[in-house]
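Examination of the molecular architecture
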Amino acid sequence: MAPEALERLLGRPMELRLGANESNFGVSPFAAEEMVKAMEKIGWYCDPECFELREELAFLHGVTRENIVVGSGLDDVLSLCARCFLDPGDHAVNSLGGYPTFNYGVQGAGGVLDLVPYKNDRTDLLGLCEVARSVGAKLLFVANPDNPSGTWHSAAAIAELIENLPPECILLLDEAYSDFAPPEAIPQINVADERVIRLRTFSKAHGMAGARVGYAIASAEIIASFNKIRMHFGVNLVGQTGALASLRDPGFILGVINEVERGRTEYHMLAASHGLETLPSATNFVAIDMGSFEKAKATLDAMLKRGVFIRMPGAAPLNRCIRVTVGTESERKRFGEEFATVLLTS
């Protein structure tokens, strides 16, 4: 449930918003300034080609503009993938409890969804590949680093997965949290390889979740297919402007990444101080192992009653955890205090 819906349900505002993996560090000041300027032209249509943004992204990734498509957030791009590659009855594979928006796109396209449980709190790459092969899947979704666990696989493991994909199966590699990940988690992939579509977003490190800007990197042929069906004015003028400006302020993004790393360390230490374990994380959140689904749900409910919005994974085995976004220093301090109170009174 979205935090706004929770506020309406509970009849009170959330005092701490640490459940949606947004960035609580704001947007680049340069990007904010450029977005305000863009409002002067808000009466005009946006560039349907996202030309300048695609040019900048192509330079960043060492590809051509024809290898990039921009959508209104990754949810939009995932829907594009489902509509482009799935016919009714075609199979697609995801982790059980993994990012759900991919599932919505599959179901909306009339596809059949096959789900594979996590193994040792990580996406089961071998299991995903085996199921994809057994059902003749057209799409296989992997988030690396993963949401909701925060764990990740090495670039070598992802490369091995690609080589073992069944015929006619495309890997949707969601790298939304790649800015926070160690270099060894990000594989080098030939952009001409039509077995892989890489997915990135401005909703995390760039702090632009509300602007809705995401993109895919793929072969020129795949991008051309997307361009036939995408919503051409879907990425608004302010979003395009902000994303482009944010790319041109790497110092701000590096500051966010460093602060998130500090915050993750604090959360690991906080959990340990209460005798709790955490899952390794290469994202902007940490999953705290509460020991059981019942304990995790009770903690989540108690925190919500105290005005603290957090979440928990929706399926076993990860639903024994609560998931907490790394907020600002003051937000992390407040969370620690509220968490301690809930643990003492539960």
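Above this text sits the structure in question.
Reading guide: rules and limits
Residues numbered from 1 in each chain as written. Predicted model: local features only at pLDDT ≥ 70, side-chain atom pairs only at ≥ 80, totals over all residues. Heavy atoms only, no water. Buried < 20%, exposed > 50% of the residue type's maximum accessible area, 1.4 Å probe, protein only. Helix = DSSP H or I, 4+ residues; strand = E, 2+ residues; numbered from the N terminus. Pairing = 2+ DSSP bridges. Contact = heavy atoms within 4.5 Å. Patch = residues over 30% accessible without salt bridge, like charges linked within 9 Å, V, L, I, M, F, W, Y side chains within 5 Å. Areas by Shrake-Rupley, 256 points an atom, 1.4 Å probe, with all protein chains shown as cover. Salt bridge = Lys/Arg side-chain N within 4 Å of Asp/Glu carboxyl O. Axes fitted to C-alpha atoms, helices over the stretch in contact; angles between N-to-C directions. Core = buried A, V, L, I, M, F, W, Y, C linked by side-chain atoms within 4.5 Å. Expected span 1.5 Å × (residues − 1). Arc of directions from axis to C-beta.

**Quick look at the pairing of strand β10 (residues 285–289)**
Of all the 5 residues making up β10, 5 are buried; the element is thus mostly covered by neighbouring parts of the structure. Burial of the side chains of β10 extends over both faces: Phe285, Ala287 and Asp289 are buried on one face and Val286 and Ile288 on the other. Relative to β10, strand β9 (residues 277–278) runs antiparallel, the two being bridged by 2 bridges. The residue of β10 that forms the bridge with Glu277 is Asp289. Hairpin connection of β9 to β10: 6 residues between the antiparallel strands. Where β10 and strand β12 (residues 321–325) come together, 5 bridges link them in antiparallel fashion. From the neighbouring strand, Asp289 faces β12, where its bridge partner is Cys321.

**Topic: the side chain of Glu338**
On the secondary structure map, Glu338 appears in helix α12 (residues 329–345). Glu338 gets classed as buried once you look at its relative accessible area, which sits at 10%. Contact partners of Glu338, with chain neighbours within four places excluded, come to Met303, Arg306 and Val308.

**Thoughts on a nonpolar patch on the surface**
A cluster of nonpolar side chains, contributed by Met1, Leu9 and Leu10, occupies part of the molecular surface with about 330 Å² of accessible area. Take Met1: its relative accessible area is 58%, and that puts it in the exposed class.

**Considering the sheet that holds β12**
Backbone-to-backbone hydrogen bonds join strands into a sheet, with any given pair of strands oriented parallel or antiparallel. Strand order in this open sheet of 3 strands is β9-β10-β12, and the pairing throughout is antiparallel. Of all the strands in the sheet, the pair left with one neighbour each is β9 and β12. Seen against the sheet, helix α10 (residues 250–273) touches β9, β10 and β12 and runs at an angle of roughly 10° to β10.

**Observations regarding the nonpolar core**
Leu172, Ile197, Ile288, Ile310, Phe335 and Phe339 are the most contacted members of the largest nonpolar core, which totals 61 residues. For this core, the leading source of residues is α10, giving 8 residues. Excluding residues that lie within four positions of it along the chain, Ile288 makes contacts with Ala271, Leu276, Glu277, Thr278, Arg320, Cys321, Ile322, Val324 and Phe339. If you look at the next biggest cluster of nonpolar residues, it comprises 21 residues, including Leu57, Ala211, Leu237 and Ala243.

**Here we look at the sheet that holds strand β7 (residues 196–201)**
A sheet is described by the order of its strands in space; here 7 strands give the open sequence β2-β8-β7-β6-β5-β3-β4, paired in mixed fashion. Single-partner strands in this sheet number two, and they are β2 (68–71) and β4 (112–116). Each neighbouring strand pair of the sheet contributes to a mean axis angle of 20°, computed without reference to strand direction. Sheet topology note: the β2/strand β8 (residues 214–217) ladder contains 4 bridges and is antiparallel. Each residue of the ladder has a partner; that of Val69, found in β8, is Ala216. With respect to the sheet, helix α8 (residues 220–229) is in contact with β2, β7 and β8, its orientation differing from that of β2 by roughly 35°.

**Re helix α11 (residues 293–305)**
For α11, with 13 residues, the first-to-last C-alpha span of 18 Å sits near the 18 Å given by 1.5 Å per residue. Within the sequence span of α11, burial applies to Ala296, Thr299, Leu300, Met303 and Leu304. The arc that holds the buried residues of α11, viewed along the axis, is 130°, so those residues lie on one side. In α11, the exposed positions angled more than 90 degrees off the buried face are occupied by Glu294 and Lys305. Check the buried side of α11 and you find it contacts α1 (3–10), β11 (308–309), β12 and α12. With its phi angle positive at about 80°, Gly307 sits one or two positions after the end of α11.

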